[in-house]
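# Summary of the model geometry
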Number of protein chains: 2
Amino acid sequence: MQKQEHLTKNQQIVLDFIEKSSEPLKAYSILFSVKKQGIKAPLQVYRALDKLVEIGKIHKIESRNAFVACKNSNCQVSKATAFSICESCEDVTEVSNLKLSKYLSNFADKSGMKYNKYNLEFFGLCKNCKK
Amino acid sequence: MQKQEHLTKNQQIVLDFIEKSSEPLKAYSILFSVKKQGIKAPLQVYRALDKLVEIGKIHKIESRNAFVACKNSNCQVSKATAFSICESCEDVTEVSNLKLSKYLSNFADKSGMKYNKYNLEFFGLCKNCKK
DNA sequence: TTATTAATGTTATATTATTACATAATGTTA
DNA sequence: TAACATTATGTAATAATATAACATTAATAA
């Protein structure tokens, strides 16, 4: 279902780096880290990020301008994303909840607008930070 | 329930401008427009925006880095926001749906995290652009 | 093979947002 | 009201995020 089988060199470098990270990464921090692998300019990173988002390999956390690897094998999730964000430690976790995604994917209000995508960000304190 | 009764001059200028707009406004376009009213620097706008977001008078559309006036009288909504965004004309509407907000405000998943805030952005084509 | 599409490399620049510091206004409390 | 704390202001500089424009190369399709 992904539009592209093969990732290009730059896309693969950026994806590898994001997948290894336990936290959301910002474009310029990715840039800094992949310079040794030949990526020199912001645009090279942004292009890779755009493509990776498009094919659902990563997601952008809009409120943080940061990127995380997709943890769902289900490839439709790039059109239906939900995250929980700890406002203290900034830990971000992808929410995988079938009921939630069904509810939101089918959501329709009086506007008559048919949604083909959504992004939901929950904020709070994670277990650790709640203590 | 709002933390502040009285808006300061800069806050009021910025709020007035946003309330008059039918579309989300970006910080620098606000800046440009309120220069005649004595606001000279980005920081003056950002400070006003921060405060207005904090007290729920406006919301930030994260995926667009833009700001809209709150259309709900209900003041708790700044902690529970939902928008529908047309990807063609960029029209943004605040979604006011009690069922949705109840569902999301009470949402809890296995993470054990207690959420105190969420932001949801739906994307699609509005009635006009669907044609 | 030619045409088309997608990706790359590079430079420059646009856009969004914050730091730092000095000052003034406002609110609180003794 | 004086002293203090808090909040807002003004200003300059700069950081952080993202895109435009253009030349070139690689991959894919017809």
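Remember, it's a predicted structure, so these values are computed and weren't measured experimentally.

All names here are of chain A. The domain boundaries assigned to chain A delineate domain 1 (9-69) and domain 2 (75-130). The gap between the C-alpha centroids of domain 1 and domain 2 is 21 Å. On the domain 2 side, the residues contacting the eight residues of domain 1 number 11 residues. Taken together, the residues that form the side of domain 1 that touches domain 2 break down as three nonpolar, three polar and two charged.

Residue and element names in this part refer to chain B. Under the 1.5 Å per step criterion, the end-to-end length of helix 3 (residues 42-54) is 18 Å for 13 residues, consistent within 8% with the ideal 18 Å. Buried within helix 3 we find Val45, Ala48, Leu49 and Leu52. When helix 3 is viewed along its axis, its buried side chains cluster within an angular range of 100° and face the same direction. Residues of helix 3 that are exposed and point more than 90 degrees away from the buried face comprise Leu43 and Asp50. Contact partners of the buried residues in helix 3: helix 1 (9-20), helix 2 (27-34), strand 1 (58-61) and strand 2 (66-69). Phi for Gly56, located one or two positions after helix 3, is positive at around 85°.

Taken residue by residue, the interface counts 26 residues in chain B and 26 residues in chain A. When residues of the side of chain B that touches chain A are traced back to their parent elements, those giving at least two are helix 4 (98-105) and strand 5 (114-125) of chain B. Sort the elements by how many residues they give to the side of chain B that touches chain A and strand 5 of chain B lands first, with 11 residues. Residues of the side of chain B that touches chain A, tallied by class, amount to 11 nonpolar, nine polar and six charged. Two strands pair when backbone bridges link them, and strand 5 (residues 114-125) of chain A and strand 5 of chain B are joined in this way by 11 bridges, in the antiparallel orientation. Residue Lys117 of chain A lies in a different strand from strand 5 of chain B, and its bridge partner there is Phe123 of chain B.

Basis of the calculations
- Residues numbered from 1 in each chain as written.
- Chains lettered and ligands numbered in written order.
- Predicted model: local features only at pLDDT ≥ 70, side-chain atom pairs only at ≥ 80, totals over all residues.
- Domains from an automatic or database assignment.
- Contact = placed C-beta atoms within 7 Å.
- Nonpolar A, V, L, I, M, F, W, Y, C, P; charged D, E, K, R; others polar.
- Helix = DSSP H or I, 4+ residues; strand = E, 2+ residues; numbered from the N terminus.
- Expected span 1.5 Å × (residues − 1).
- Buried ≥ 20, exposed ≤ 12 C-beta atoms within 10 Å, placed from the backbone.
- Arc of directions from axis to C-beta.
- Pairing = 2+ DSSP bridges.

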